[in-house]
Amino acid sequence: MEFSWQNGLRLAVWSGVLWTLPAGLAGQQRTVADSVQARQRAERSLGSGIQHADVIERLRRSGMDRSRMRAGLERLGHDPGLADRYFDVIEGRRPAPEGEAPRPFIEALNALGLPVVAHADQLAIASPWADSAAQVTLVASATGTPRLFGLDLFRRFTTQFDAPLTGPVDPSYRLGAGDELSLILTGEVEFSYAMEVTREGFIVIPDVGQVFVSGLTLAALEDRLYGVLGRHYSGVRRGDGAPIRFHVGLRRLRASAVYVIGDAVRPGAYQVSSVATALNALYLAGGPAEGASFRAIEIRRGDRVVATLDLYEYLLQGGTAGDVRLEHGDVIFLPVSGPRVTVEGAVRRAAIFELKPGDGLAEVIGFAGGLSSNAAAHRIQIDRILPAGERTPGVDRVLTDVDGAALARGAVVALRDGDVVRTFEILGERRNRVVLTGEVNRPGVYEWAAGMTLSDLLARADGLAERAYTSRTHIHRLNPRNGTRHLLRLEETDFAIAPLMDRDSIVVFGIEQLANPSFVSIDGFVKNPGSYALATGMTLQDLILAAGGFVHGAWTVEAELARMSGPSDGGTATVSRVRIGGRPDAQSAGVIEWRPDATEVTLEHGDHVFIRKAPEYEVMGTIKVAGEVVFPGAYALTDRSARITDILARAGGLEPEAHARGTQLVRGGHLVATDVEAALRAPGSAPDLALFPGDSIMVPRVDATVLVRGAVGFETRVRYESGRGLDYYVERAGGYAENADRGRATLTQQNGERAVVHRRRFFFDSTPTPGPGSTVFVPSRPELAGGTNWDALLTRVVGLASATATVLIAVDRVR
């Protein structure tokens, strides 16, 4: 291609544009090494304050899949692998990580339109295919503060807004270098060709030659091909009956380089399809930053502005008149925002809006979707920061109330940068209503009409309930002068006479609500003991039936009735036995069979009935035997006189390695010390204890060691030696430690018996003898806080002197 001054100028312009771009933004593709480094930087970054669990929940609710998320991260220049750990959790491949998510990934999610907050229940999910205005209504932050209108739309995942690289285009599309065409001939000649537009603007058709197509529309290309192909193929001509027909279309669109500069989220150079528009490029760049203008975005081509895009037309009305198709080298410039005002209160879309010249209060209310249905339309307030020249000491802001009716009639109210427009809700007070509560069939709030009586209101409420108390009904009536309520009382005869007033509150009482409830109680051998409502005429037998009848073992012959005496008797209770006529047979299985001699006693309020256990009824108990016996397990306790030796005999006796003297008897969770070896030698003796239900017997093996613990040289087990005393085993464990309290050493035999070392008396020690499997424990002396305890030392010295004197006197008397 011949180098011309136009091409040189074009090269110089794009070189200058690239030079003005921030460093590092000219290219969007990263190598594998760059991706690895990005991941490492993300892992080393500070915490984001967002937990991994919040990110997982956000991704799960968004419906985003792994491949789309990876593509989005790669487009933003992040490592696509940042998302894998979260999708592994969602797919059940690994447990959820703990702690904070990395900051780069959170920032990437925000850029992709998936903002994450600290609590998953605050997340709002909007479908990318939903209405644009519906998406940008999500402008309230977690604290309820209005946000910039339109900002959230570009923060969402936006791959669906990429311009296509394949597919049909409109006939006005102009061809250029890089486009790939397909030419198909049918009829007398059958062939198809794929042809790419060269940099010089030509396509090459086999057997035909070069055809210049750059700058032609598809419709113009078709006209040119009729002439070119007609000169080589005589059958090519217009009309349905032509022997040779052809079709030309686009197989793949060329890519164009465009530049987004100014206050964009990600300014830089982007490669887009040749059919991409300014909106496609804005989505790729993350949209305008918070400080950018949404209403004066310039599309520059060369040295002129070819279009100005107002995003409000797109966001509010879906209009795309300013969204022009981009060409190679176009620049999209986002200037600083113009004046902004905040709209809050009773509007459909509270947000921060940007003004253009001529926009006033009416237009801004329209941006906010209009007033909501609960808005007080007669009053709109403007909170304004005064310009520097209009301020006075202490007065920097002013409030202005606007008449909503005048605004609706077309009044023009100008706004300034920084204004806050507040709309207010209507009052919550409701008029023309009365409130009916209490014992009526349909309580609630009803419409009041002049002349309405209580009878009219009760008819609308389907009448009084069965247990309504009609002797007196209360009406609480409002005094509008001072806001107090006055109590009115109506008799039933006045229901149809006394008129009701607006905002009256009527209370119909109930008989059960006013009356004191009567009840009786039953305890003992019945299925459902407890308190029961007393019905008129209820007898003791009726109460037993209400309690579900007897249980096994109940004494069905008579019951015990406790009744409170009257005030004249001092409020004491009297107890009597009542014949209920059941069989004196504990095996009646709870079936109630009243005998003719039963006494029907009518119950009174507060009566308490007791059903006792039949004298001959006993519940079979069990004993558990474990350890070194022939047949360990559970055994039934057949009678109260069963002893340890009886149960051991039923268990087959002891094994040869059993340690009889160390046998443990557990009762109620506590060890009962007894000598089973002595019991086996003399059955029925004192050591042969009688057993109780729930007891357990543990027969251990012979343990030929003694465990020494506490303040000794070292805790250990010492081989048992018959007849050896406690000190022998302590010496084998390294002797007493310096802080050992010898006078409080204890010995616990294997069967649970415990003994302590007697204190010194007359210079002699009394120490118990350990048996096999026993435990010796030597405690430590208490630490003396603050130095020597002189009181304790003096007490010991006096005791020792007294004992010495006693010995000396006794020796003297013997002499």
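Since the model is a prediction, treat every value here as computed from it, not as a measurement. (Residues numbered from 1 in each chain as written. Predicted model: local features only at pLDDT ≥ 70, side-chain atom pairs only at ≥ 80, totals over all residues. Heavy atoms only, no water.)

K.L.:
Mind showing me how you'd approach the overall build of the chain here?
P.N.:
Counting its secondary structure elements, the chain contains 19 helices and 39 strands. Within the span of the chain, comprising 815 residues, buried residues form 39% of the whole. A sequence separation of at least 24 residues applies to 62% of the contacts in the chain between residues at least 6 apart. Entry remark: accessible area of the chain is about 45,000 Å², with carbon and sulfur atoms responsible for 53%. (Helix = DSSP H or I, 4+ residues; strand = E, 2+ residues; numbered from the N terminus. Buried < 20%, exposed > 50% of the residue type's maximum accessible area, 1.4 Å probe, protein only. Contact = heavy atoms within 4.5 Å. Areas by Shrake-Rupley, 256 points an atom, 1.4 Å probe, with all protein chains shown as cover.)

K.L.:
Explain the sheet that holds strand β20 (residues 473-478) here, please?
P.N.:
Either a parallel or an antiparallel arrangement is found when strands of a sheet pair, and the pairing is made through backbone hydrogen bonds. The mixed open sheet is built from 5 strands, whose spatial order is β19-β18-β22-β20-β21. The open sheet has two free edges, formed respectively by β19 (444-447) and β21 (485-490), since each of these has just one partner strand. Across the sheet, the axes of successive neighbouring strands diverge by a mean angle of 25°, strand direction being ignored. Direction of pairing for β20 relative to β21: antiparallel, over a ladder of 6 bridges. Looking across to β21, one finds that Ile-475 is bridged to Leu-488. (Pairing = 2+ DSSP bridges. Axes fitted to C-alpha atoms, helices over the stretch in contact; angles between N-to-C directions.)

K.L.:
How should the side chain of Asp-419 be read in this particular structure?
P.N.:
Within the fold, Asp-419 resides in the loop between α12 (404-408) and β17 (420-425). A polar contact is formed between the side chain of Asp-419 and the side chain of Arg-384, at a distance of 2.9 Å. One polar contact links the side chain of Asp-419 to the main-chain amide nitrogen of Arg-416, over a distance of 2.8 Å. (Polar contact = N/O pair within 3.5 Å; in protein donor to acceptor, adjacent residues only side chain to side chain.)

K.L.:
It is not clear to me how the packing of aromatic side chains should be interpreted in this structure. Could you clarify?
P.N.:
The description of an aromatic ring pair rests on the distance of the ring centres and on the angle between the ring planes. Summed over all chains, the structure comprises 11 aromatic pairs. On the basis of an interplanar angle of 55° and a centroid distance of 4.4 Å, the ring pair of Phe-191 and Tyr-193 is categorised as tilted. Centroid distance Phe-353 to Phe-367: 6.0 Å. Interplanar angle 40°. Geometry classified as tilted. Of the two residues, Phe-353 is situated in strand β14 (residues 351-354) and Phe-367 in helix α11 (residues 361-367); the sequence distance between them amounts to 14 residues. Classification of Phe-353 as buried rests on a relative accessible area of 0%. In this structure Phe-367 comes out as buried when scored by relative accessible area, which is 11%. Following the ring pairs from residue to residue traces out a cluster consisting of Phe-149, Tyr-312, Phe-353 and Phe-367. Stacked on the ring of Tyr-728, the Lys or Arg Arg-724 has its end atom at 4.5 Å from the ring centre. (Phe/Tyr/Trp six-rings, centres within 6.5 Å; stacked < 30°, edge-to-face > 60°. Lys NZ or Arg CZ within 6 Å of the ring centre and 35° of its normal.)

K.L.:
Even after reading the chapter, I still don't get the nonpolar core, so can you show me in this structure?
P.N.:
General note: in soluble globular proteins, nonpolar side chains tend to be found buried as a group. Core analysis: the largest hydrophobic core is formed by 49 residues, its most contacted members being Leu-282, Leu-311, Ile-332, Phe-353 and Leu-361. The element best represented in this core is helix α9 (residues 278-284), accounting for 6 residues. With near-sequence residues (within four places) excluded, Leu-361 lies in contact with Ile-380, Ile-382, Val-402, Leu-407, Val-413, Leu-415 and Val-421. Ranked by size, the runner-up nonpolar core spans 27 residues in total, among them Tyr-173, Leu-181, Ile-203 and Phe-246. (Core = buried A, V, L, I, M, F, W, Y, C linked by side-chain atoms within 4.5 Å.)

K.L.:
Explain the pairing of strand β6 (residues 209-212) to me, please; I cannot follow it from the model alone.
P.N.:
In summary, the side chains of a regular strand alternate between the two faces of the sheet. Sheet analysis places strand β5 (residues 202-205) next to β6, joined by 4 bridges and oriented antiparallel. From the neighbouring strand, Ile-205 faces β6, where its bridge partner is Gly-209. From the end of β5 to the start of β6, which pair antiparallel, there are 3 residues, and Asp-207 there has a positive phi angle of about 65°.

K.L.:
Honestly, the sheet that holds strand β27 (residues 608-611) in this entry has me stumped. Any pointers?
P.N.:
The strand order β24-β23-β27-β25-β26 describes an open sheet built from 5 strands, whose pairing is mixed. Unpaired on one side and paired on the other, β24 (530-533) and β26 (573-579) mark the two borders of the sheet. On average, adjacent strands in this sheet sit at an angle of 25° to one another, irrespective of strand direction. As judged from the 7 bridges shared by strand β25 (residues 558-564) and β26, these two strands associate in the antiparallel manner. Note on β26: the bridge partner recorded for Glu-558 is Arg-579.

K.L.:
Looking at this structure, I do not really get the pattern of salt bridges. What am I missing?
P.N.:
A side chain with one charge may pair with a side chain of the opposite charge, provided their charged atoms come close. Under the counting rule described, the total for this entry stands at 33 salt bridges. A salt bridge links Arg-238 to Asp-223, with the nearest nitrogen and oxygen atoms 3.0 Å apart. With Arg-238 in the loop between α8 (218-232) and β7 (244-252) and Asp-223 in helix α8, this pair connects stretches of sequence that are 15 residues apart. Note on Asp-223: relative accessible area 44%, which makes it partly exposed. With a closest N to O distance of 4.0 Å, Arg-577 and Glu-560 form a salt bridge. Linking Arg-577 in strand β26 with Glu-560 in strand β25, this pair joins segments that are 17 residues apart in sequence. (Salt bridge = Lys/Arg side-chain N within 4 Å of Asp/Glu carboxyl O.)

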